[in-house]
Amino acid sequence: MTLASLIYSVSLAETGDTSSKSIPDQLGISLGNLIFQAIGFGILMFILWRFAYRPILKVLDERRARAQEIVEKSDQIKRDLSDTEARTRAELETAQKEAQRILADARAQSDRMIAKAREDAVAAGNAEKEKARAEITAERDQVFNQLRRETADLAITAATRVVGHELKTNKDVQSQLINEALANASKN
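Computed from a predicted structure; not experimentally measured. (Residues numbered from 1 in each chain as written. Predicted model: local features only at pLDDT ≥ 70, side-chain atom pairs only at ≥ 80, totals over all residues. Heavy atoms only, no water.)

**Things to note about the overall build of the chain**
Phase 1: Along its length, the chain carries five helices and zero strands.
Phase 2: Along the chain direction, N to C, the helices and strands of the chain fall in the order α-α-α-α-α.
Phase 3: With 188 residues in all, the chain has 5% of them scored as buried.
Phase 4: With the model as given, the accessible surface of the chain reaches about 16,100 Å², and the carbon-plus-sulfur share is 60%. (Helix = DSSP H or I, 4+ residues; strand = E, 2+ residues; numbered from the N terminus. Buried < 20%, exposed > 50% of the residue type's maximum accessible area, 1.4 Å probe, protein only. Areas by Shrake-Rupley, 256 points an atom, 1.4 Å probe, with all protein chains shown as cover.)

**What to know about a nonpolar patch on the surface**
Phase 1: Together, I35, I39, I43, F46, I47 and F51 make up a nonpolar patch on the protein surface, roughly 610 Å² of accessible area in all.
Phase 2: For I39, the position within the fold is in helix α3 (residues 31-163).
Phase 3: Judged by relative accessible area, which is 47%, I39 ranks as partly exposed. (Patch = residues over 30% accessible without salt bridge, like charges linked within 9 Å, V, L, I, M, F, W, Y side chains within 5 Å. Salt bridge = Lys/Arg side-chain N within 4 Å of Asp/Glu carboxyl O.)

**Some points on the packing of aromatic side chains**
The geometry of an aromatic ring pair comes down to the distance between the two centres and the angle between the two planes.
Phase 1: Under the defined criterion, the tally for this structure stands at one aromatic pair.
Phase 2: Aromatic side chains W49 and Y53 sit 4.7 Å apart centroid to centroid with 20 degrees between the ring planes, which places their arrangement in the stacked category. Of this pair, W49 and Y53 both sit in helix α3, separated by four residues, roughly a single helical turn.
Phase 3: Residue classification places W49 among the partly exposed residues on the basis of a relative accessible area of 48%. (Phe/Tyr/Trp six-rings, centres within 6.5 Å; stacked < 30°, edge-to-face > 60°.)

**Thoughts on the pattern of salt bridges**
Phase 1: Throughout the structure, instances matching the rule amount to seven salt bridges.
Phase 2: The partner of R89 in a salt bridge is E85, with the nearest N and O atoms 3.9 Å apart. You can see R89 and its partner E85 sitting in helix α3, four residues apart, about one turn around the helix.
Phase 3: In this structure, the salt-bridge partner of K116 is D120, at a minimum N-O distance of 3.5 Å.

**Some words on the confidence of the model for the chain**
Phase 1: The pLDDT averaged across the chain works out to 82; a share of 82% of its residues lies at or above 70.
Phase 2: Model confidence for the chain, summarised as mean pLDDT per element, is weakest for helix α1 (residues 3-15) at 56 and strongest for α3 at 89. (pLDDT = per-residue confidence, 0-100.)

Next up, the structure:
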């Protein structure tokens, strides 16, 4: 509505011409009340702008800032978590490699111990064989010497019976016969 139509409608209202009422009059709007209401609304808007809107904006800005901090902190926590997971995976892989190395070292050491035990067993077995051979050789030589003596004694006994009396009386011939019998026995 323009100012001219407003003035026209005010003038009509003063004249009392009710035949051509203006639209605000037809709607039941009073111009004076409208102006007072507009001024009151303007004052209300000024007061709200001055005392309520700024604090509300300040609170909203603070909440927005806190929300932004929370988002940044959560992003930082996610990054830290992923870094921690990566470090954990790396340490786990390192630990697995170390465990595999320790197992390989243990296997190698057990193989060396088994090989040494085998070598020691073979050496002990060979030593036992040599000892047994030496004992067998010593026993064989002892038995062989005993057999020679017995053979010599049998030969002497047989010769004494055959030759009889002469060998009993002549000790030098007897010793010579024993030595010859032993020499022949050792050659065989």
